[in-house]
Amino acid sequence: DAGVIQSPRHEVTEMGQEVTLRCKPISGHDYLFWYRQTMMRGLELLIYFNNNVPIDDSGMPEDRFSAKMPNASFSTLKIQPSEPRDSAVYFCASGFQRPGNTIYFGEGSWLTVV
Amino acid sequence: AQSVAQPEDQVNVAEGNPLTVKCTYSVSGNPYLFWYVQYPNRGLQFLLKYITGDNLVKGSYGFEAEFNKSQTSFHLKKPSALVSDSALYFCAVSLEFNAGNNRKLIWGLGTSLAVNP
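Just so it is clear, the structure is predicted and the values come from calculations on it, not from any experiment.

Participant: Give me the lowdown on the overall build of chain B, citing residues and values where you can.
Facilitator: Summing up its helical and strand segments, chain B has zero helices and 12 strands in all. Along chain B, helices (α) and strands (β) appear in the sequence β-β-β-β-β-β-β-β-β-β-β-β when read from the amino end. For a compact globule of 117 residues, the expected C-alpha radius of gyration is about 13 Å, and chain B comes in at 14 Å, within 12% of that figure. For chain B, the spread of C-alpha atoms along the principal axes amounts to about 50 × 30 × 20 Å. When each of the 117 residues of chain B is scored for burial, the buried share is 43%.

Below, the structure written as structure tokens:
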């Protein structure tokens, strides 16, 4: 398996623009997670899905952020409008349902909002 | 509240010396414990985990960790450090039983390991 695949790897955008980050989880995994990593706040869980259904979005910072999982092999995280403080690395991860199972991360999307 | 602590922001060790990266946790119930490593400009990579059984867990790249229930710790160790081990290390915990389909991991803030030649 190719692992969790994220795109784009790097994006630089202007404040106010819409940003869409994409994720393809490992085939067969039934959980998908979106994380954000910054120097100031460390690793934050934004939202996660089970069988394509959002379970907990309490980590989504504000209404400008939205996430969808239309099918088992694809998810998006959208920021509209983007702001400079959204600059961070966004990670997608996937795993199986049993709590002891490992979750696997993608290589991340490096977002810079200027 | 459930939490994970990595008490050291940074650990420095000379190449060839043993290394330890510390992790303590606070949960109600039986924990599942994980270590991940993040190399510069990369995603987090799974190193090892404790689920049940032997308290000493062996993982990738020669790393191991010891689960100590009485001290609520899960320290990461390696007998002989390499310069290539320099990275950011994260400890995380989840519970054996969670309400509903809760699959949250509780993460430490990370420890930066620098191995000097």
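Having put the structure on the table, let's press on.
Participant: So what's going on with the interface of chain B and chain A? Which residues, and what values?
Facilitator: Taken together, the 22 residues of chain B in the interface contact 25 residues of chain A. Summed over both sides, the interface of chain B with chain A buries roughly 2000 Å², with 52% coming from carbon and sulfur. Run the count over chain B and chain A and you get one salt bridge. Note that R42(B) and E107(A) form a salt bridge whose closest N and O atoms lie 2.8 Å from each other. Between the two partners, chain B and chain A, sit six residue pairs in polar contact (both at pLDDT 80 or more).

Participant: Before we move on, could you go through the nonpolar core and cite the residues and values that matter?
Facilitator: Note that soluble globular proteins tend to have their nonpolar side chains buried in a common cluster. Formed by 27 residues in total, the largest nonpolar core has its most connected members in W35(B), L47(B), L48(B), F74(B), L76(B) and Y89(B). Those elements that place two or more of their residues in this core are β2 (10–14), β3 (19–21), β5 (31–38), β6 (44–50), β8 (64–68), β9 (73–78), β10 (87–95) and β12 (111–116) of chain B. Grouped together as the second largest cluster of nonpolar side chains are 21 residues, L46(A), A67(A), I79(A) and L111(A) included.

Participant: How would you explain the side chain of T111(B) if you had to name every residue and give the values?
Facilitator: All names here are of chain B. Assignment of secondary structure puts T111 in strand β12. Separated by 3.1 Å, the side chains of T111 and Q6 make a polar contact. Here the side chain of T111 touches E8 through a polar contact of 2.8 Å, landing on its backbone oxygen. Beyond its immediate sequence surroundings of up to four residues, T111 is in contact with Q6, E8, D9, Q10, V11, V21, A87, L88 and Y89.

Participant: Which residues make up the state of the cysteines, and what values go with them?
Facilitator: Residue and element names in this part refer to chain A. Taken as a whole and assessed by the stated rule, the structure comprises two disulfides over all chains. Disulfide pairing is shown between C23 and C92; the S-S distance is 1.9 Å. Looking down the S-S bond of the C23 and C92 bridge, the torsion is -65°, so its handedness is left-handed. Remark: C92 occurs in strand β9 (residues 88–95) and C23 occurs in strand β3 (residues 19–24); sequence separation between them is 69 residues. Relative accessible area serves as the criterion here: at 1%, C23 is assigned to the buried category. For C92, a relative accessible area of 0% corresponds to the buried category.

Calculation rules
- Residues numbered from 1 in each chain as written.
- Chains lettered and ligands numbered in written order.
- Predicted model: local features only at pLDDT ≥ 70, side-chain atom pairs only at ≥ 80, totals over all residues.
- Heavy atoms only, no water.
- Helix = DSSP H or I, 4+ residues; strand = E, 2+ residues; numbered from the N terminus.
- Rg over C-alpha atoms; globule rule 2.2 N^0.38 Å.
- Buried < 20%, exposed > 50% of the residue type's maximum accessible area, 1.4 Å probe, protein only.
- Contact = heavy atoms within 4.5 Å.
- Buried area = accessible area lost by both parts, 1.4 Å probe.
- Salt bridge = Lys/Arg side-chain N within 4 Å of Asp/Glu carboxyl O.
- Polar contact = N/O pair within 3.5 Å; in protein donor to acceptor, adjacent residues only side chain to side chain.
- Core = buried A, V, L, I, M, F, W, Y, C linked by side-chain atoms within 4.5 Å.
- Disulfide = S-S within 2.5 Å.

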